[in-house]
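# Structure assessment
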Protein chains: 2
Amino acid sequence: MAKAGMPDDRDVAAGRGPLDRPPSLVDKLAQRLQADIRAGRYPPGSRLPAEQTMCALYRVSRATVREAVGRLKHDGLVASRQGAGAFIAESGLPAVFRLDIADFSDAQEIRNIVELLIAVEAAASEHAARRRTAGDLEIIRARLEAMQTAIDRNEPGVDEDLTFHRSIIEATHNPFFCDLSDFLDQRVRRFIRTARANSARFLGLTQAVQGEHQAIFAAIASGDGPGARAAAERHLLNAAARLELYLER
Amino acid sequence: MAKAGMPDDRDVAAGRGPLDRPPSLVDKLAQRLQADIRAGRYPPGSRLPAEQTMCALYRVSRATVREAVGRLKHDGLVASRQGAGAFIAESGLPAVFRLDIADFSDAQEIRNIVELLIAVEAAASEHAARRRTAGDLEIIRARLEAMQTAIDRNEPGVDEDLTFHRSIIEATHNPFFCDLSDFLDQRVRRFIRTARANSARFLGLTQAVQGEHQAIFAAIASGDGPGARAAAERHLLNAAARLELYLER
DNA sequence: GAAAAAAAACTTGCCAGACAAGCGGACAAG
DNA sequence: CTTGTCCGCTTGTCTGGCAAGTTTTTTTTC
């Protein structure tokens, strides 16, 4: 199944994976435009030069300009109107946060992500305890029971674990918590799953883990914000400690 | 100063602002490709069809395909190698987190952002207390003193406030905390500044605020993690309360 | 027959030119 | 002073093409 020419594990380990290509023209132009905007050469609200003007200015074709500007547009830094031009955002700042995970195999990078994840989920648990509706609580309880069922059947239950946590985050009714937690969680789990097949040892369900979950649920049910935070933090730190065992080989 | 033809407040309030344009071909194609990838029609690690193939498949020109694919590339969802093709990321997930702030003037949106900001900065303060080097502490102390100087001179000192907080975040030595905190902080401050000129009343320096800063510094200096978190949380909640006074008109 | 070298076939990166759709200001008519 | 028309400019999209890089096939050579 291994394709010829594909970089194998040895290559990646030696840092010869997807080798660093010289940045493309689009890359350089987009970066330069972004720098010019940040430096104030193109003030917020003003119009960017016309595409053809930029072609002459930067000595590239219109396609290149369009792709570079399209990138900024995608980041919410500029907005274009057909016939009128492309305008710098009023804020002068990109509307989207770019969290680039440069190296997925770097242990320190994973630690940093996990640290942020813990901060977000712990705070979310506290807010969930204070704001959860009766309906939220019912959903969380159902997820908790689904997990218990998985445990009793000796199933891995990774999905049940994920949805349980998700239901808590959603009880914050703060979409930013949901989105960020989703993003981080998916990546951490993906890392663990791809790094080692039998991830159950690290993220899998045990009765001990379930006990931590029950503690979180109890605190949320009783509206105990600090308690929910503490319980969530304890649970996540334990999970991080298991992960650490693996990271250290 | 009001420009003719600009939609005034009544229009915007009635939802008659800049009307929604039909999404461009590039928008639709990029979204469709992203959906196809997420649905598994293009599995992770596999190669995307050649550009000309997609031209025929989606009935668009190559420029359009290139721009759409370039967008996915920008999000880290695909990576292309000249001569070889464009490949779906191994993770099958975008490498960047998109935090879209849909409506900058929505009070609830700002509250949600502030909530996340508090969670991040409080956790960062705790980590900073545990991990700060002697050099970090020296920088933080300098920033704190710079702020005292600003207060004594009756200056607004908004920048000094910002850099003080930044120096704490940087002491976590976790770039994700730095980047995210930066992003959120800039936007919250921008919102306040543009919403009202005399923002000093809400974010400005007073001796009371400075007292809170000193408490954070003391906890970080003594390596007291929970204390630093509590002090930071108290400080930020107070700031949020001042902000709330404004949001409620 | 097998390994090495050369050629061919694709594929992306970039470019030039073109046309339609939409915007903005000028300008004349009422 | 308003209204309608026109014209230049700008973006959105298309077509066609060349250079550079990669993969596959063929040919050559030992």
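Preceding this paragraph is the structure being described.
Residues numbered from 1 in each chain as written. Chains lettered and ligands numbered in written order. Predicted model: local features only at pLDDT ≥ 70, side-chain atom pairs only at ≥ 80, totals over all residues. Heavy atoms only, no water.

What follows deals with the overall build of chain A. When helices and strands are counted, chain A shows 11 helices and 2 strands. Counting from the amino terminus, chain A carries its helices and strands in the arrangement α-α-α-α-β-β-α-α-α-α-α-α-α. A buried classification covers 45% of the 249 residues belonging to chain A. Taking the intrachain contacts of chain A between residues at least 6 apart in sequence as the baseline, contacts between residues at least 24 apart amount to 67%. Summing over all exposed atoms, chain A offers an accessible surface of approximately 13000 Å²; the carbon and sulfur share of this is 53%. (Helix = DSSP H or I, 4+ residues; strand = E, 2+ residues; numbered from the N terminus. Buried < 20%, exposed > 50% of the residue type's maximum accessible area, 1.4 Å probe, protein only. Contact = heavy atoms within 4.5 Å. Areas by Shrake-Rupley, 256 points an atom, 1.4 Å probe, with all protein chains shown as cover.)

Our next topic: the protein's contact with DNA strand C. Close to DNA strand C lie 25 residues; Leu25, Thr64 and Arg81 of chain A together with Arg21 and Ser80 of chain B are nearest. At the protein interface, 70% of the atoms of DNA strand C within 4 Å belong to sugar or phosphate. Gln82 of chain A places a polar side-chain atom, nitrogen or oxygen, 3.1 Å from a base nitrogen of DNA strand C. With respect to DNA strand C, the side chain of Ser80 of chain B contributes an N or O atom lying 2.9 Å from a phosphate oxygen. Within the residue set of the surface near DNA strand C, elements represented by two or more residues are α2 (25–38) and α4 (62–74) of chain A together with α4 (62–74), β1 (78–81) and β2 (85–88) of chain B. It is α4 of chain B that provides the largest number of residues to the surface near DNA strand C, a total of 3 residues. Here the surface near DNA strand C is built from residues that sort into 7 nonpolar, 9 polar and 9 charged. (Near = heavy atom within 4 Å. Polar contact = N/O pair within 3.5 Å; in protein donor to acceptor, adjacent residues only side chain to side chain. Nonpolar A, V, L, I, M, F, W, Y, C, P; charged D, E, K, R; others polar.)

This paragraph deals with the relation of the copies chain A and chain B. Between the two copies of the chain lies a rotation about an axis combined with a shift along it. Once turned by 180° and shifted 0.1 Å along the axis, chain A lies on chain B with an RMSD of 0.3 Å. In short, the pair behaves as if placed about a two-fold rotation axis. Same-surface contact between copies: 98% of interface residues of chain A are shared with the interface of chain B. (Least-squares fit on C-alpha atoms with pLDDT ≥ 70 in both.)

With that settled, consider the packing of helix α10 (residues 207–221) of chain A against helix α11 (residues 225–247) of chain A. All names here are of chain A. Interaxial distance between α10 and α11 falls to 7 Å at its minimum, and their mutual angle equals 160°. Taken together, the axes of α10 and α11 lie roughly antiparallel to each other. Seen from above, α10 lies across α11 with left-handed handedness. Here Val209, Glu212, His213, Ala215, Ile216, Ala219 and Ile220 of α10 lie close against α11, whose contacting residues are Gly227, Ala228, Ala231, Ala232, His235, Asn238 and Arg242. Of the residues that constitute the contact of α10 with α11, the class distribution is 8 nonpolar, 4 polar and 2 charged. (Axes fitted to C-alpha atoms, helices over the stretch in contact; angles between N-to-C directions. Parallel < 35°, antiparallel > 145°, perpendicular 65-115°, else oblique. Left-handed = near helix turned anticlockwise from the far one by under 90°.)

So, on to the interface of chain A and chain B. With 40 residues of chain A in contact, the opposing surface of chain B contributes 42 residues. Taken over both partners, the interface formed by chain A and chain B buries close to 4200 Å², and the fraction arising from carbon and sulfur atoms is 57%. On the chain A side of the interface with chain B, the three residues burying the most area are His74, Phe97 and Phe176 of chain A, jointly 19% of the side's total. Counting every contact that joins chain A to chain B gives 6 salt bridges. Between Arg229 of chain B and Glu233 of chain A there is a salt bridge, and its shortest N-O distance comes to 3.7 Å. In this assembly, chain A and chain B are joined by 13 residue pairs in polar contact (both at pLDDT 80 or more). When residues of the side of chain A that touches chain B are traced back to their parent elements, those giving at least two are α4, α5 (107–131), α8 (175–195) and α11 of chain A. Looking at which element gives the most residues to the side of chain A that touches chain B, the answer is α5 of chain A, with 10 residues. Of the residues contributing to the side of chain A that touches chain B, the split by class is 17 nonpolar, 7 polar and 16 charged. (Buried area = accessible area lost by both parts, 1.4 Å probe. Salt bridge = Lys/Arg side-chain N within 4 Å of Asp/Glu carboxyl O.)

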